[in-house]
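Remarks on the overall topology
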Amino acid sequence: MMSTLLVVVIVLAIAFDYINGFHDAANSIATVVSTKVLTPAMAVLWAAIFNFAAYFYFTDHKVANTIAKTVLEEYITLEVIFAGLLAAIGWNLFTWYYGVPSSSSHTLIGGFAGSGMAYAFIVGADPIHAINIDATLKIIAFIVLAPIIGMTISVIITLIVINLAKNSRPSVAEKWFKILQLVSSAALSFAHGGNDAQKVMGIILVAMVAGGYVPTTEHMPEWIPLTCYAAIAAGTMSGGWKIVKTMGTKITKVTPLEGVCAESAGAVTLGITEHFGIPASTTHTITGAIIGVGVVKRVSAVRWGVTISLLWAWILTIPVSALLGGLSLIIVHYLL
């Protein structure tokens, strides 16, 4: 029978996955809502369906394995995971409340790493030795690389599409791009589900190992991915309307053509990172892609003041979450 703390950790992890869904719903639906291709209610349903559909395709769990190895095994306890989840949920709700599209991936990683480092300090070890430096550096690198890759692919796709459609009648082209935006939005939601659901899968898996119910992180019980994909899909259906406004209108004005290009670029980028097991941020990726379609019009079409504000949130997410994770671990350690 599972211990009470393990059950609490699993419930918290699933709750985080649900919050991740409505926090990140904006990534998948912002452009399709802002261009009025779908109503908000239909958009979140559409996104939720394809978030869950990723369960049937992404079966290698490479991203989950990367997350599971962020903190070295000897410094992983149920207390560490519990404290990390508290920190991640707290930061996610804070940024959602203020409509800031921060990375759910990075707040989870930051909270987990911070609590692991605090535990190492408590037991008299060097906190830096508690984390997997190679995995952490790879994750940190993609804070910068994910939006750049998304922007670059977005610019390329936009230029190709503009040239292919330059002789089309505007009314006919817009009709087709609205149809195509359903496809690109579905692809982005599919890639988002495949990438983000795996992050919580990794956390639940290490909790099961720490609790002694699974021998190693190489053994993933089937109920874990099924539950995580269902939770993120349910969260997506709840929507994240404050963040939708930021992503869909505040960065740059998006047309159906640009929505197709941005979403396609985001889906391609996430597909690449998932293939290599890199837990990249969907938020960073689609933001870079939206900037890319804006830059193609003209540099001034992008509201750089808003973009710089988002950049600060991205930079602060991991260290703030790590600090919150460390403080949570110290409190939990001396209370439990």
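Residues numbered from 1 in each chain as written. Predicted model: local features only at pLDDT ≥ 70, side-chain atom pairs only at ≥ 80, totals over all residues. Heavy atoms only, no water.

1. Observations concerning the overall build of the protein
Looking only at helices and strands, one finds 12 helices and 0 strands in the protein. For the protein, the sequential pattern of α-helices and β-strands runs α-α-α-α-α-α-α-α-α-α-α-α. The buried share among the 336 residues of the protein stands at 56%. Put simply, 87% of the contacts in the protein that link residues at least 6 apart link residues at least 24 apart. Here the protein has roughly 13,800 Å² of accessible surface; of this, 72% comes from carbon and sulfur atoms. (Helix = DSSP H or I, 4+ residues; strand = E, 2+ residues; numbered from the N terminus. Buried < 20%, exposed > 50% of the residue type's maximum accessible area, 1.4 Å probe, protein only. Contact = heavy atoms within 4.5 Å. Areas by Shrake-Rupley, 256 points an atom, 1.4 Å probe, with all protein chains shown as cover.)

2. As for the environment of Thr-39
Here Thr-39 shows up in the loop between helix H1 (4-34) and helix H2 (40-53). A residue is classified by how much of its surface remains accessible, and Thr-39, at 46% relative accessible area, is partly exposed. Considering only alpha carbons, one finds Thr-39 and Ile-29, 10 residues apart in sequence, at a separation of 9.7 Å.

3. Side note on the packing of helix H10 (residues 256-275) against helix H11 (residues 282-297)
Where H10 meets H11, the closest approach of the two axes is 8 Å, and the angle between their N-to-C directions is 140 degrees. With respect to H11, the axis of H10 lies oblique. Remark: the crossing between H10 and H11 carries right-handed chirality. Taking contact as the criterion, the partners of Glu-258, Cys-261, Ala-262, Glu-263, Ala-265, Gly-266, Thr-269 and Leu-270 in H10 are, on H11, Thr-282, Thr-285, Ile-286, Ala-289, Ile-290, Val-293 and Lys-297. Taken together, the residues that form the contact of H10 with H11 break down as 8 nonpolar, 4 polar and 3 charged. (Axes fitted to C-alpha atoms, helices over the stretch in contact; angles between N-to-C directions. Parallel < 35°, antiparallel > 145°, perpendicular 65-115°, else oblique. Left-handed = near helix turned anticlockwise from the far one by under 90°. Nonpolar A, V, L, I, M, F, W, Y, C, P; charged D, E, K, R; others polar.)

4. Quick notes on H2
Spanning 14 residues, H2 covers 20 Å between terminal C-alpha atoms, matching the ideal 20 Å at 1.5 Å per step. All of the buried residues in H2 are Ala-43, Val-44, Ala-47, Ala-48 and Asn-51. For H2, the buried positions fall inside an angular range of 130 degrees around the axis, keeping them on one side. (Expected span 1.5 Å × (residues − 1). Arc of directions from axis to C-beta.)

5. As for the nonpolar core
Grouped together as the largest cluster of nonpolar side chains are 54 residues, with contacts concentrated most on Ile-81, Leu-85, Phe-112 and Ile-204. At the level of elements, H1, helix H3 (62-68), helix H4 (78-97), helix H5 (104-122), helix H6 (133-165), helix H7 (170-210), helix H8 (223-238) and helix H12 (304-335) are the ones that each hand at least two residues to this core. In terms of residue count, H7 provides more of this core than any other element does, 10 residues in total. Not counting residues up to four positions away in its chain, the partners in contact with Leu-85 are Val-9, Leu-12, Ala-13, Phe-16, Leu-108 and Ile-203. Within the second largest apolar cluster, 18 residues are counted, among which are Ala-165, Ala-267, Leu-270 and Ala-289. (Core = buried A, V, L, I, M, F, W, Y, C linked by side-chain atoms within 4.5 Å.)

6. A look at the packing of H2 against H8
How two helices pack is summed up by the angle between their axes together with the distance between the axes. Orientation of H2 relative to H8, taken along the N-to-C sense of each, is 170 degrees, at an axis distance of 8 Å. Viewed along their axes, H2 and H8 adopt a mutual orientation that is roughly antiparallel. In contact with Val-44, Leu-45, Ala-47, Ala-48, Asn-51 and Phe-52 of H2, H8 contributes Leu-226, Tyr-229, Ala-230, Ile-232, Ala-233, Thr-236 and Met-237. Residues that form the contact of H2 with H8 fall into these classes: 11 nonpolar, 2 polar and no charged.

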